[in-house]
Structure formats: structure tokens, C-alpha cells
Amino acid sequence: MAAKKNDPKREARIAKNNRNLNSALTLFTAGFIAEFYLLLINQYFVKGSVDQVVAIAGYLEVMAIVGAAAFGAGVVLTVMRRKWTRFAAAGKWLLGLGLFFGVSSLLMRRVYPMGTTVMCILVPVLMLLAVVFLLYQHEFAVQTIALTLAIASAVLLNHGSSSMPALVTVFCWAAMALVAALLVLTVMLQKHEGSYKGTVIFPAKTNYALTCAVLVLSIAAIAVSLFAGLAYYVIWGAAVLLFVLAVWYTVKML
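Before going into details, it helps to say that this report is about the structure given with it. (Residues numbered from 1 in each chain as written. Predicted model: local features only at pLDDT ≥ 70, side-chain atom pairs only at ≥ 80, totals over all residues. Heavy atoms only, no water.)

Observations regarding the environment of Ala 130
The criterion, for reference: A run of H or I in DSSP counts as a helix once it spans at least four residues, and a run of E counts as a strand once it spans at least two, with each numbered from the N terminus.
If you trace the backbone, Ala 130 turns up in helix 4 (residues 114–135). Along the chain, Ala 130 and Leu 183 lie 53 residues apart, while their C-alpha atoms are 19 Å from each other.

Structure follows, in C-alpha cells:
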């Protein structure tokens, strides 16, 4: 019996899924290491003795410079990747490491102690969003971003509005603007069958009604938290909805 011909589309889809899985595992590992590093900084820079705080402050000043230098080297290697092909992968790593150490060191050093707390929360959240984007349908990634912004706004309003009311309010308005922009983009992509300039963003079976409903609900949740003082209930409601959506999309992938 003649061997069955391989399906090029199926092989390409499998290869893409494998690349996404490898990228997700790499991001998860990098995020875990970064979070461990930030927790060490928090232990000795925020909760440490005076000598430890002074020592870590000096260390962060140096690491800000190191991060900027690494980022600059990454830019050069990325621009020259066609000529220096063997350094193309190193360019991406230098960009990521330089951005992380540069931004985190400056933020933790200049905004004390809140900067360290923000980084300890921001890194795992961004890591999980990236993993969702790589492993799940893009529609769920958009929904996750919107619900995460709603939860973050509600948490800040519930815990940080008394100490930094102006900053929290600005964040909530920015979050609503970002979710509204995602809503507009989703509607535009629906009109173009999920594609933008030939690049498929959303597949043919995308549930646009559900995605738009989650985006509208996220905007309403942020507004309710900001103006009606219901942030505590929004946190739990959005978290439950996010969990239900995660289960539903996971089952769809099986």
C-alpha cells in the first residue's frame, strides 16, 4: 500500500504549534526567574536593614546602566541581523534582558518602595498574558487582556486609591481607553474577516459576539469600580468570568 501523502497545511500547523509551545515554555521560565530576582530585591531593598537598602540601591544604579548598554547592543544586533546572522538570537535576548534590567532598576530605585511592588506584580501578569497569546486563540487573549485590566483597576481602587488617588484614576481611564481601542480593532477586524493586510489575526470561527461582549463588560466594570465604589465585587466577578472563559477555551482546544 502506498504511503499517504503528508498534508503540508497540517504539518505547517503542527510546526507552528510546536514553536508556540517552545516560546511559551521559554517565556514561563524567564518570567519565573525574573520574579525570583524581583522577590530577592524586595526582601533586601524594601524589607532589609539600612545597610542592605543602601547596598541594593547602589546595585540598582549599576544595573540600570548595564540594562541600557545591553538594550543598545540588542538594537545593534537586531538591525544587523541579516549580516550577522549568527548573533540574531543574541540580539533578541539582549533586547529583553536590557529592557527588563533597565526599566526595573530605574523604577525600583526611583519609586521607593512602590516601584518594587509594581514590578513584582507586573512581571508575572505580562508573562501569563504572553503565554495565553501563544497557546490559546487570539480572541481569548484579547478577552484576557480586557479582564486583567478590569481586575487591576478594581484592585488599585480597592487598595491604593487612598494613598495615590490621582495615579489610580489615571490608570483606570487609561485602562478603559485601551479596552475601548481593543473593541474598535475587533469590530474592524470582523468587517475584514479577521485579517489585516493579508495577515490573519482572528481565525474564521472567531466568536466576535462573545469577544465584544467581554470587552464592553470590562469597560463597564472599570467604570463601575471608579464611579460606583463597587471595586471589591468587580474583582471577584471578573476573576470568575476569566476562569470560566479559560476553562471553556481550554475545552475547545481538546
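Here we look at a nonpolar patch on the surface
Going by this rule: Only residues whose relative accessible area exceeds 30% and that take part in no salt bridge are eligible for patches, with like-charged residues grouped when within 9 Å of each other and nonpolar side chains (Val, Leu, Ile, Met, Phe, Trp, Tyr) grouped when within 5 Å. Only the protein chains shown count as cover for residues, and the accessible areas themselves come from Shrake-Rupley with a 1.4 Å probe. Whenever Lys or Arg places a side-chain nitrogen within 4 Å of a carboxyl oxygen from Asp or Glu, that contact is recorded as a salt bridge. Only protein chains enter the area calculation, which uses a 1.4 Å probe; residues under 20% of their type maximum are buried, those over 50% are exposed, and those in between are partly exposed.
A contiguous nonpolar patch, built from Val 240, Phe 243, Val 244, Val 247, Val 251 and Leu 254 and spanning about 630 Å² of accessible area, is present on the exposed surface. Counting through the fold element by element, Leu 254 comes out in the segment after helix 8 (231–253). Using a relative accessible area of 83% as the deciding quantity, one classes Leu 254 as exposed.

Observations concerning the packing of aromatic side chains
Definition in use: Any pair of Phe, Tyr and Trp rings, taking the six-membered ring for Trp, is counted once the centres come within 6.5 Å. Such a pair is stacked with planes under 30 degrees apart, edge-to-face with planes over 60 apart, and tilted for the rest.
In the structure shown here, the tally under the stated rule is 10 aromatic pairs. Ring centres of Phe 45 and Tyr 112 lie 4.9 Å apart, and the angle between their planes is 70°; this geometry places the pair in the edge-to-face category. Of the two residues, Phe 45 sits in helix 1 (residues 8–46) while Tyr 112 sits in the loop between helix 3 (88–110) and helix 4, which places them 67 residues apart along the sequence. Judged by its relative accessible area of 2%, Phe 45 is buried. With a relative accessible area of 41%, Tyr 112 lands in the partly exposed category.

Concerning unusual backbone geometry
Here Tyr 112 and Pro 113 are connected by a cis peptide whose omega angle stands at 0°. Structurally, the position occupied by Pro 113 is in the loop between helix 3 and helix 4. Backbone geometry at Glu 193 places phi at a positive 60°, although glycine is not the residue there. Along the chain, Glu 193 turns up in the loop between helix 6 (165–191) and strand 1 (195–196).

Some thoughts on the pattern of salt bridges
Taken as a whole and judged by the stated rule, the model has two salt bridges. The network of salt bridges with common partners includes Glu 61, Arg 109 and Arg 110.

Examining helix 7 (residues 208–227)
Worth spelling out the cut-off: Under the convention used throughout, the expected extent of a helix is 1.5 Å for every residue step, that is, one less than its residue count. The contact criterion used is simple: two residues touch if any of their non-hydrogen atoms lie within 4.5 Å.
Between its terminal C-alpha atoms helix 7 stretches 28 Å, which fits the 28 Å expected from 20 residues at 1.5 Å a residue. When helix 7 is considered as a whole, its buried residues turn out to be Tyr 208, Thr 211, Cys 212, Val 214, Leu 215, Ser 218, Ala 221, Ile 222, Ser 225 and Leu 226. In this structure, the buried residues of helix 7 make contact with helix 5 (138–159), helix 6 and helix 8. Gly 229 sits one or two residues past helix 7 and shows a positive phi near 70°.

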